[in-house]
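Residue-level structural notes
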Amino acid sequence: MMNNEREPVPTSSIVMKAIDATTFTELQQFTKDLESRSTDRLLRDVAELVKPSESKAQIVSYVIATKYRHADANERHHILDHLGATVKVLPPGEQRDRVKVVLDRLRTQEG
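Residues numbered from 1 in each chain as written. Predicted model: local features only at pLDDT ≥ 70, side-chain atom pairs only at ≥ 80, totals over all residues. Heavy atoms only, no water.

Helix and strand content of the protein chain: 6 helices and 0 strands. Along the protein chain, helices (α) and strands (β) appear in the sequence α-α-α-α-α-α when read from the amino end. Going through the 111 residues of the protein chain one by one, you find that 40% of them count as buried. A sequence separation of at least 24 residues applies to 64% of the contacts in the protein chain between residues at least 6 apart. Of the roughly 7,300 Å² that the protein chain leaves accessible, carbon and sulfur atoms contribute 53%. (Helix = DSSP H or I, 4+ residues; strand = E, 2+ residues; numbered from the N terminus. Buried < 20%, exposed > 50% of the residue type's maximum accessible area, 1.4 Å probe, protein only. Contact = heavy atoms within 4.5 Å. Areas by Shrake-Rupley, 256 points an atom, 1.4 Å probe, with all protein chains shown as cover.)

Below, the discussion takes up the packing of helix α5 (residues 73–89) against helix α6 (residues 94–110). To describe two helices that pack against each other, one gives the angle between their axes and the distance between the axes. Their axes nearest at 9 Å, the elements α5 and α6 cross at an angle of 150°. As summarised for this structure, α5 and α6 are arranged roughly antiparallel, according to the angle between their axes. In the packing of α5 onto α6, the handedness of the crossing is left-handed. Across the interface between the two elements, Arg76, Ile79, Leu80, Leu83, Gly84, Thr86 and Val87 from α5 touch Arg96, Val99, Lys100, Val102, Leu103, Leu106, Arg107 and Glu110 from α6. Partitioning the contact of α5 with α6 into residue classes produces 8 nonpolar, 2 polar and 5 charged. (Axes fitted to C-alpha atoms, helices over the stretch in contact; angles between N-to-C directions. Parallel < 35°, antiparallel > 145°, perpendicular 65-115°, else oblique. Left-handed = near helix turned anticlockwise from the far one by under 90°. Nonpolar A, V, L, I, M, F, W, Y, C, P; charged D, E, K, R; others polar.)

Spatial relationships are all this shows, so hold off on functional conclusions.
Next up, the structure:
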């Protein structure tokens, strides 16, 4: 069975919250939801999470950086590899630039 290109792609609930959060209270809840997610789930959705706005990308960056600081060496390597792979597959533009900012932030924590 062929995929219909017009069928909507399933969007995770956290990505929907990123899109919908506009008030301070909603942004607080969005941040708490990000913090409660596993690192793998955040990495899986990172490209979509940074897409809505620069301010939401900064929140995502903060949460991933916090998880990175608390991770062991293997997990840190996994996070850097995953973000690097995501940057490589995204087309040039804002979304790619925002994921690269997250990656660069983590790399500066290394040094």
